[in-house]
Structure formats: C-alpha cells, structure tokens
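Report on the structure
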Amino acid sequence: MTRPWTGRPSNGEFFDFEWKPSTAMRHGVSRSNSSRPANRGASARVAFDHYICAEPDWDGGALYTSVDNGSTWQIFGQNSPQFYDRQHWNNQASPFYQKWVWDGSNQKGGGCGANKSFTHVEGDLSSFGGQDVMLRFSFFSDDFIELDGWYIDNVMVTVPGS
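First things first, this report covers the structure right here in the doc. Note that this is a predicted model, so its numbers are computed, not measured.

Section: the pattern of salt bridges
- Tallied over the entire structure, the rule returns three salt bridges.
- When the shortest N-O distance is used, the salt bridge between Arg86 and Asp57 registers 2.9 Å. With Arg86 in strand S8 (residues 86–87) and Asp57 in the loop between strand S5 (45–53) and strand S6 (60–66), this residue pair connects regions lying 29 residues apart in the sequence.
- For Arg86, a relative accessible area of 27% gives the class partly exposed.
- With a relative accessible area of 23%, Asp57 lands in the partly exposed category.

So, in structure tokens, the structure goes:
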C-alpha cells in the first residue's frame, strides 16, 4: 500500500497513527493488495522498525490493537518480556501511566541521544487468529521536555505459510 497510515491528533499532546487495510484483513497478511484470512492459532506476527527518543518515564509510544473496528483499543504486548523499554510511573495524567512503553531508554549504544538508528521489533499476534484486527501506534508527550519523537518504518503483518 502506498499510504497505509493516517494520523490524527487526539488532543494537543497525544498523536495516533492507525493502520487498516483498504480491504478487510482477517488477521492476515496483505500480499500485493490482496488479503488472506489466517486460521485460528496461526503464528501471525507484526514487525516494524522504529526510532524513538522521548523523555524517559514521562513520554513514549505504544502499539494498540482493536478487534471491534476501532470502537475500543487495548495496549498490545504488556505481558511480552522485553517488547517495550520500560514501565511508566511518573505522570498520572499520561495514558501510559503504569503501562509498558517505548521511550528510547533502551536504545543500543547509549540511549537515544547517542544513537539514532532504527531498532527492529516483532510481536506475536497469534492470539487474534480468526478475528479482524486493527493496529494503532500512539505517542504521548507532555509540554515540559520534548525530544526527537517517534519514527516508524517498514510495518508489516505476516502469517507464515498463508
């Protein structure tokens, strides 16, 4: 897809990017503009490259999923070891309060101020087998310390053998 992401500010500080294929995707992989359903229990994965530099413990980004066409969203990967950088406890007004998020604090080579290279991330989507699933990347930043932000590239959902 040429332009699969749409962005919209939810308020002055929170920015979302949603991905929804132009054709219905049943937890499948888009191959040359076609979608294929995945069987329940298939080993589907989301993969992307990203660079994030945000104020540690205060600002950051996370991946969300929806199985009801975007009516509700759940933060993805909270029980996946080493999927996110750290859990945020400082800002009770943040949508990420008490959640695991990316903020660049685990950026290899000395943190996001020293290393601006992209990191590859993969997550297991097999628990969504047989369902329509939407993905949303959400970033939150307060007004006090603003760093580079979040850059996301090469997003894909794959189902091996589909």
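So, the nonpolar core
- Grouped together as the largest cluster of nonpolar side chains are 28 residues, with contacts concentrated most on Val46, Leu63 and Trp102.
- Elements with a minimum of two residues in this core: S5, S6, strand S11 (134–140) and strand S12 (149–158).
- Top contributing element to this core by residue count: S11, with five residues.

A few points about the environment of Gly104
- Take Gly104: it is sitting in the loop between strand S9 (100–101) and strand S10 (119–124).
- Judged by relative accessible area, which is 3%, Gly104 ranks as buried.

Comments concerning a nonpolar patch on the surface
- Taken together, the side chains of Phe144, Ile145 and Leu147 make up a nonpolar region of the molecular surface, amounting to roughly 340 Å² of accessible area.
- Looking at where Phe144 falls in the secondary structure, it is placed in the loop between S11 and S12.

A closer look at the sheet that holds S10
- Strands sit in the order S10-S5-S12 across an open sheet of three strands; the sheet is antiparallel. Edge positions in the sheet fall to S10 and S12, since each has one partner strand and no second. Pairs of neighbouring strands in the sheet enclose a mean axial angle of 25 degrees, with direction left out of account.
- The pairing of S5 with S12 spans eight bridges and is classified as antiparallel.

A short note on the environment of Val157
- Looking at the element boundaries, Val157 is found in strand S12.
- On the basis of relative accessibility, which here comes to 6%, the residue Val157 falls in the buried class.
- Along the chain, Val157 and Arg45 lie 112 residues apart, while their C-alpha atoms are 5.6 Å from each other.

Criteria and cut-off values
Residues numbered from 1 in each chain as written. Predicted model: local features only at pLDDT ≥ 70, side-chain atom pairs only at ≥ 80, totals over all residues. Heavy atoms only, no water. Salt bridge = Lys/Arg side-chain N within 4 Å of Asp/Glu carboxyl O. Helix = DSSP H or I, 4+ residues; strand = E, 2+ residues; numbered from the N terminus. Buried < 20%, exposed > 50% of the residue type's maximum accessible area, 1.4 Å probe, protein only. Core = buried A, V, L, I, M, F, W, Y, C linked by side-chain atoms within 4.5 Å. Patch = residues over 30% accessible without salt bridge, like charges linked within 9 Å, V, L, I, M, F, W, Y side chains within 5 Å. Areas by Shrake-Rupley, 256 points an atom, 1.4 Å probe, with all protein chains shown as cover. Pairing = 2+ DSSP bridges. Axes fitted to C-alpha atoms, helices over the stretch in contact; angles between N-to-C directions.

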